[in-house]
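# Coordinate analysis (summary)
Take a look at the letters that make up each chain.
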Amino acid sequence: MSKFFLRKEFWVGASPSALRRLSPLGHQQRLLSSLSFATFDVEEISGSQPAEVHNFVQGKWTKSSNWNTIVDPLNGEPFIKVADVNEMEIKPFVESLSNCPKHGLHNPFKAPERYLLYGDISTKAAHMLSQAKVSDFFARLIQRVSPKSYQQALGEVYVTRKFLENFCGDQVRFLARSFAVPGNHLGQQSHGFRWPYGPVALVTPFNFPLEIPLLQLMGALYMGNKPVLKVDSKVSIVMDQMMRLLHQCGMPVEDVDFINSDGKTMNKLLSEAKPRMTLFTGSSRVAEKLAIDLNGRIKLEDAGFDWKILGPDVNEVDYVAWVCDQDAYACSGQKCSAQSILFMHENWAKSSLTDKMKGLAERRKLEDLTIGPVLTVTTEAMLDHLKSLLEIRGSKLLFGGEALENHSIPKIYGALKPTAVYVPLEEILTEKNFDLVTKEIFGPFQVVTEYKDDQLHMVLDALERMHAHLTAAVVSNNPIFLQEVIGKSVNGTTYAGLRARTTGAPQNHWFGPAGDPRGAGIGTPEAIKLVWSCHREVIYDFGPVPRGWEVPSST
Ligand SMILES: N[C@@H](CCC=O)C(=O)O
């Protein structure tokens, strides 16, 4: 088949056969019947055969009076119908959440067998995800709604599976491990327990349709909470199918509610059902609003204007250029961990690094989704931002800076070539430019700058002035340099060393912002315990009362 035909077929409607070619399983049949949990064949979803996303509440799948139509990000065809709950329809969700007591569905003193149940559910779900046809189903479904390369989508499924494997067997109960401290007298001992919040809410974004909601959802459940889950409607189809898989793996149907609605309805649900804790992953703007609306009962994994600093020691230029390319442009830059600014030591600036980055960026193509639609920023907005940056004295376009061509990505979404713009460090730091330069563009866009040895303090000043502190990379094997930068910065997930990156945190790395008491984490046992449980201390004091004890004088 000619290249031309492939390309054309791609834009005219992402036909099932063209889409199938994106997956290495290729023409191997994905029989719907062989995926007992799935309600559609992922390759067949199209304008003429739209898939449906339902809600799940009080143990049942439900529809609603309104349907929200999601368009195919590759061709604008309305291809998914989401049952959209409106403000008049939230009652069952409010009741369901309100039925869960503050002490949760389980805790160390109540239904401890449920810790084991969740170990079993994790074992089964991990096993299902380890089957090629199941992981392919989810990888392709992710690609359909949040376009990224097959490898990136499969990576998301892999992280999810590994996470589930980490919490098989007794590992869920070990999350609720308590400790004891001897008391002051015989019979007294203090015990610290991990306690659930009870009814909780979980709101997750479009960019990791499986990894973020699943990891957080399971964390919430492991610790004994009852969550209501809301995923960005553009991608909630993925968790609709995952919920079905979890039910098959033995998850009690009363344990999780799943709602699709607009933000206003969700806000109403939260204010009426009063979850004891809400985990929000998404934009800082919404995060700040929710923090007020929910009186601070919230944990956040919000935006990141994530930085990478290349230290004075230049080594492995090809490798470092490749990591920069992945960090800035994989998933079209739509990772909260994406590299937004690169501070290069002048030694790197003299190397071939930026040329190599340009070469790598130019390899990316829409055909395999190594570059693709930007779901929350339009092409125009990205080009306008670029224009404003190019007005700064001394700035220049390094590469990209143009809209993608020959595509049918709808206008509501962005389509930009991987872009890097150089802005001088002195200019970044000015009062006038700082906010502009450090504005996060959730797309394939990065700022590059350069510093000299005696300007490291200016780089550190820039880090100090930034607002979000999610991921960071310090690319150097010089321990003194690393010490200086790590000691004077705060980002929650910081990679250090020649192979440092900002993205691609697997389930075994804590991932989350630091420097904010509301900061949440995802992935590790520590993240689960911090986000989804609180400390409860039970102080046993059995006696005996000392022989001969007498009532003392009042104090
Ligand atoms: N593992 C993903 C982030 C998941 C977000 O919570 C990354 O490293 O970009």
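One numbering rule holds for all chains: residues counted from 1, following each sequence as written. Owing to the predicted nature of the model, reporting of local features is limited to residues with pLDDT of at least 70; listing and counting of side-chain atom pairs is limited to 80 or more, with chain, interface and lining totals taken over all residues. Side-chain metrics in this entry use all non-hydrogen atoms of the structure; hydrogen atoms and water are not considered.

## Some thoughts on the packing of aromatic side chains
- Between rings of Phe, Tyr and Trp, where Trp is taken as its six-membered ring, a pair exists when centres lie within 6.5 Å; planes separated by under 30 degrees are stacked, by over 60 edge-to-face, and by other angles tilted. Taken as a whole, this structure holds 16 aromatic pairs when the rule is applied.
- Summarising the aromatic geometry, the rings of F37 and F137 are spaced 5.6 Å apart at their centres and angled 80° between planes, so their arrangement reads as edge-to-face. You can see F37 sitting in the loop between α2 (16-20) and β1 (51-53) and its partner F137 sitting in helix α5 (residues 132-145), a full 100 residues away along the chain. Both residues of the pair, F37 and F137, belong to the buried class.
- On the basis of an interplanar angle of 80° and a centroid distance of 6.3 Å, the ring pair of W61 and F258 is categorised as edge-to-face. Placement of the pair is W61 in strand β3 (residues 60-62) and F258 in strand β10 (residues 257-258), with a sequence separation of 197 residues.
- With a relative accessible area of 25%, W61 lands in the partly exposed category.
- Partly exposed residues are those whose accessible area sits between 20% and 50% of the maximum for their type, while under 20% is buried and over 50% is exposed, using a 1.4 Å probe and protein chains only. Judged by its relative accessible area of 0%, F258 falls in the buried class. Strands here are runs of E lasting at least two residues and helices are runs of H or I lasting at least four, both read from the DSSP assignment and numbered beginning at the N terminus.

## A closer look at the UniProt feature "domain: Aldehyde dehydrogenase" (unreviewed entry) in the protein
- UniProt positions are given in the numbering used here, feature names are shortened, and annotations may be inferred rather than shown by experiment. Under the feature "domain: Aldehyde dehydrogenase" (unreviewed entry), the UniProt entry names residues 61-495.
- Structurally, residues 61-495 comprises 41% helix and 20% strand, and the distance from its first C-alpha atom to its last is 42 Å.

## Quick look at the site of the ligand
- For this description, a residue counts as near a given molecule or strand if any of its non-hydrogen atoms is within 4 Å of it. Contacts to the ligand come from F208, E211, I212, E301, K335, S337, T503, G504, A505, F511 and I522.
- Contacts described as polar in this section are N or O atom pairs within 3.5 Å, which, within protein, must combine one atom able to donate a hydrogen with one able to accept it, while residues neighboring in sequence count only if both atoms come from side chains. Between the ligand and E211, the relevant distance is 2.7 Å, taken from a nitrogen atom to a side-chain nitrogen or oxygen of the residue.
- Within the backbone of G504, an N or O atom sits 3.1 Å from an oxygen atom of the ligand.
- In this classification, the charged set is Asp, Glu, Lys and Arg, the nonpolar set is Ala, Val, Leu, Ile, Met, Phe, Trp, Tyr, Cys and Pro, and all remaining amino acids, among them Gly, are polar. A class-by-class count of the residues in the shell around the ligand yields five nonpolar, three polar and three charged.

## Brief notes about a nonpolar patch on the surface
- Residues enter a patch when their relative accessible area is above 30% and they make no salt bridge; the linking distance is 9 Å between like charges and 5 Å between nonpolar side chains (Val, Leu, Ile, Met, Phe, Trp, Tyr). The protein chains shown are the only cover counted for residues, whose accessible areas, like all others here, come from Shrake-Rupley with a 1.4 Å probe. A pairing counts as a salt bridge when a side-chain nitrogen of Lys or Arg comes within 4 Å of a carboxyl oxygen of Asp or Glu. A cluster of nonpolar residues, V545, W549 and V551, forms a patch on the protein surface that exposes about 370 Å² of accessible area.
- Structurally, the position occupied by V551 is in the segment after β20 (534-541).

## Digging into the pairing of strand β18 (residues 471-475)
- The element β18 is extensively covered by neighbouring structure, given that five of its five residues are classed as buried.
- The alternating pattern of β18 places T471, A473 and V475 on one face and A472 and V474 on the opposite face, and all of these are buried.
- Any two strands between which DSSP finds at least two bridges are classified as paired. Two strands pair when backbone bridges link them, and strand β13 (residues 306-310) and β18 are joined in this way by four bridges, in the parallel orientation. Counterpart to L310 in the pairing with β18 is V475.

## Things to note about the side chain of D257
- Structurally, the position occupied by D257 is in strand β10.
- The class of D257 is buried, set by a relative accessible area of 0%.
- Looking at D257, its side chain comes within polar contact range of the side chain of S96, at 2.5 Å.
- Whether two residues are in contact is decided by their heavy atoms: any pair within 4.5 Å suffices. Discounting chain neighbours no more than four positions away, the residues touching D257 are F56, V57, Q58, F93, S96, L97, K226, P227, V228 and L229.

## Remarks on empty space enclosed by the protein
- Note on definitions: the grid is 1 Å and covers protein atoms alone; a cavity is a set of points where a 1.4 Å probe fits but cannot get out; a pocket is an open set with protein on both sides within 12 Å along at least five of seven lines; lining residues have an atom within 4 Å of a point. Grid points are joined across faces, edges and corners, and a volume is the space filled by probe spheres set on the points. Taken as a whole and judged by the stated rule, the model has one cavity of 30 Å³ or more.
- By volume, the largest cavity is sized at about 50 Å³.
- Looking at the largest cavity, the residues that line it are A328, G333, K335, A338, Q339, S340, E440, I441, F442, G443 and F445.
- For the lining of the largest cavity, the class distribution of residues is five nonpolar, four polar and two charged.

## Quick notes on the nonpolar core
- The set of buried Ala, Val, Leu, Ile, Met, Phe, Trp, Tyr and Cys residues whose side-chain atoms join them within 4.5 Å is what this entry labels a nonpolar core. Ranked by size, the top nonpolar core spans 144 residues in total, and within it F138, M218, Y222, I237, W307, F343 and L353 carry the most contacts.
- Setting aside residues up to four positions removed in sequence, M218 forms contacts with Y118, I121, S122, F163, L164 and L246.
- By size, the runner-up hydrophobic cluster in this structure holds 21 residues, among which are I90, A201, V228 and L290.

## So, the sheet that holds strand β15 (residues 396-399)
- Pairing within the open sheet is mixed, and its seven strands lie in the order β15-β16-β17-β14-β13-β18-β19. Of all the strands in the sheet, the pair left with one neighbour each is β15 and β19 (493-496). Looking at each pair of strands side by side, their axes are set apart by 20° on average, direction ignored.
- Sheet topology note: the β15/strand β16 (residues 419-422) ladder contains three bridges and is antiparallel. Pairing of K396 across the sheet is with Y422, part of β16. Working convention: axes come from line fits to C-alpha atoms, limited for helices to the stretch in contact. Angles between N-to-C directions cover 0 to 180 degrees.

## Here we look at helix α8 (residues 211-222)
- To estimate how far a helix should extend, the number of its residues minus one is multiplied by 1.5 Å. Here α8 spans 16 Å end to end across 12 residues, near enough to the 16 Å set by a 1.5 Å rise per residue.
- Along α8, 12 of the 12 residues are buried, which leaves the element largely enclosed by surrounding structure.
- Residues of α8 that are buried: E211, I212, P213, L214, L215, Q216, L217, M218, G219, A220, L221 and Y222.

## Some thoughts on the layout of surface pockets
- In this model, the largest pocket occupies a volume close to 1300 Å³.
- Lining the largest pocket are 45 residues, with F280, G282, S283, R285 and V286 positioned closest to its centre.
- Only β4 (66-71), β8 (199-204), β9 (226-231), α10 (263-273), β11 (277-281) and α11 (284-293) provide two or more residues apiece to the lining of the largest pocket.
- Ranked by the residues each element gives to the lining of the largest pocket, the list is headed by α11, at six residues.
- Broken down by class, the residue content of the lining of the largest pocket amounts to 18 nonpolar, 15 polar and 12 charged.
- For the second largest pocket, the calculated volume is near 980 Å³.
- Around the second largest pocket, the lining is made up of 40 residues, and of these Q152, Q326, K335, T503 and G504 lie nearest the centre.
- Going through the elements one at a time, α6 (150-166), α8, α12 (317-329) and α14 (353-363) are the ones with two or more residues in the lining of the second largest pocket.

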